[in-house]
Amino acid sequence: MNSERRRKELADFLRTRRSRLSPHEAGLRVETSRRRTPGLRREEVASLSGISLPWYTALEQGRDIQVSEQVLESLVRTLRLSNDERHHLFVLANHSVLPTGTANESISPALQQILDKLGSYPAYVIDRRWNISAWNKMTSTLCGDFNQVAAIERNILWRIFMMKDNKARIMNWENVATMLLAHFRSRYALYMNDSWYQELVNMLCDRSEEFRVLWGRHDVSGNSEGEKVIHHPQTGLLTFRYNTFKVSESDDFVMRVYTPIQNTGTNEQLENLWQESRLGTIVSL
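These numbers come from a predicted model, not from an experiment.

Along the backbone of the protein there are 13 helices and five strands. For the protein, the spread of C-alpha atoms along the principal axes amounts to about 70 × 45 × 30 Å. Per-residue burial for the protein yields a buried fraction of 48% across its 285 residues. Looking at the protein as shown, the accessible area adds up to about 15,000 Å², and 47% of this sits on carbon and sulfur atoms. Put simply, the protein has 37 plus and 34 minus side-chain charges, and the middle of one group is 5 Å from the middle of the other.

Written out as structure tokens, the structure reads:
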């Protein structure tokens with residue numbers, strides 16, 4: 001079942017990349033006004049890649065065929081794939097090493113201590129299923145107490161797409177959601193053998209039209225950094241740059257730290273929130 005799902009993911013990815021590339025961008029001279037197919041046709045991709053049409057058709061239909069690295073590189077060139085998309089293509093075709101073993105569910109006390117020492121900077125640890133597994137006090141101040149919510153409400157994607165209050169506080173929601181989902185997609189390809197991933201995707205597709213549309217684009221990205229603007233009821237707008245770091249003690253975890261962008265007033269507001277949270281006078285979310 002996992003191999004069948006991976007072949008379908010590969011087929012859908014190729015179709016979306018083909019449909020977005022115009023004949024002109026591919027170096028073809030054709031009368032575009034007479035074309036019904038958006039982007040390139042299958043036969044054009046096959047010809048430009050130096051492979052047979054039946055073979056490429058079988059690949060887009062998700063059939064069980066072996067794909068060489070040489071063919072994949074030809075498709076990378078033809079479809080003008082980025083480095084992140086190239087990596088995604090190789091993962092889906094099983095030409096990259098896939099993670100093995102079960103997910104680690106706990107972090108070390110030392111890692112929690114690092115989170116706590118960041119003081120007024122919000123920070124948390126995400127496991128390989130994109131659940132927030134550890135956090136510091138400032139994160140609770142801005143996002144609420146994760147100890148008081150259901151397990152699914154600690155999931156990054158669930159919070160972005162399904163929790164209306166959380167979503168409403170993110171002023172640049174569309175940009176944040178698009179970037180996070182593209183990054184999640186690149187991770188999803190690595191962990192397709194974990195049924196939890198597919199269950200999460202199925203639930204979000206069923207319940208969120210916005211997720212379903214973005215998921216259908218098959219966008220991928222290795223970028224785990226960006227900007228996030230949130231509205232806090234006590235301070236107003238807070239503007240952050242978030243960076244994500246691998247945790248050396250386990251490949252299952254990454255740490256995400258939010259740093260205030262200079263000249264936005266965010267740093268001063270965070271310091272005020274930090275002091276008030278220590279005094280117990282902070283507004284609860």
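Resuming the write-up.
Attention now moves to the pairing of strand β3 (residues 226–232). A large share of β3 lies buried, amounting to five of its seven residues. Two strands pair when backbone bridges link them, and β3 and strand β4 (residues 236–246) are joined in this way by seven bridges, in the antiparallel orientation. Note on β4: the bridge partner recorded for H231 is L237. Between β3 and the antiparallel strand that follows it, β4, lie three residues.

Another point: the sheet that holds strand β2 (residues 132–135). An order of β2-β1-β5-β4-β3 is seen for the five strands of this open sheet, with the pairing classed as antiparallel. Edge positions in the sheet fall to β2 and β3, since each of these pairs with one other strand and no more. Sheet twist, expressed as the average angle between the axes of neighbouring strands with direction ignored, equals 30 degrees. Bridging between strand β1 (residues 123–126) and strand β5 (residues 254–260) involves four bridges; their strand directions are antiparallel. The residue of β5 that forms the bridge with Y124 is R256.

Looking now at the packing of helix α10 (residues 173–188) against helix α11 (residues 195–207). Where α10 meets α11, the closest approach of the two axes is 11 Å, and the angle between their N-to-C directions is 145 degrees. Classified by chirality, the crossing of α11 by α10 is left-handed. Contact residues: α10 offers F184, R187 and Y188, while α11 offers Y197, Q198, L200 and V201. For the contact of α10 with α11, a count of residues per class yields five nonpolar, one polar and one charged.

To continue, consider the environment of V125. With respect to the element layout, V125 can be found in strand β1. On the accessibility criterion, V125 (0% relative accessible area) is buried. Sequence spacing of V125 and W135 is 10 residues, and the spatial spacing of their C-alpha atoms is 6.3 Å. When residues no more than four places from it in sequence are discounted, the contact partners of V125 are I107, L111, L115, N131, I132, S133, A134, F253, V254 and M255.

Here the focus is the pattern of salt bridges. Overall, the coordinates contain 15 salt bridges when judged by the stated rule. D12 serves as the salt-bridge partner of K8, at 2.7 Å between the closest nitrogen and oxygen. Residue K8 and its partner D12 are located together in helix α1 (residues 2–20), separated by four residues, close to a single helical turn. In this structure K8 comes out as exposed when scored by relative accessible area, which is 51%. By relative accessible area, D12 is classed as buried at 12%. Residue R18 is joined to E60 by a salt bridge in which the shortest nitrogen-to-oxygen separation is 2.7 Å.

Reading the values: rules and limits
Residues numbered from 1 in each chain as written. Predicted model: local features only at pLDDT ≥ 70, side-chain atom pairs only at ≥ 80, totals over all residues. Heavy atoms only, no water. Helix = DSSP H or I, 4+ residues; strand = E, 2+ residues; numbered from the N terminus. Buried < 20%, exposed > 50% of the residue type's maximum accessible area, 1.4 Å probe, protein only. Areas by Shrake-Rupley, 256 points an atom, 1.4 Å probe, with all protein chains shown as cover. Lys, Arg positive; Asp, Glu negative; His and termini not counted. Charge placed at Lys NZ, Arg CZ, Asp CG, Glu CD. Pairing = 2+ DSSP bridges. Axes fitted to C-alpha atoms, helices over the stretch in contact; angles between N-to-C directions. Left-handed = near helix turned anticlockwise from the far one by under 90°. Contact = heavy atoms within 4.5 Å. Nonpolar A, V, L, I, M, F, W, Y, C, P; charged D, E, K, R; others polar. Salt bridge = Lys/Arg side-chain N within 4 Å of Asp/Glu carboxyl O.

These results come straight from atomic positions and should not be treated as a statement about function.
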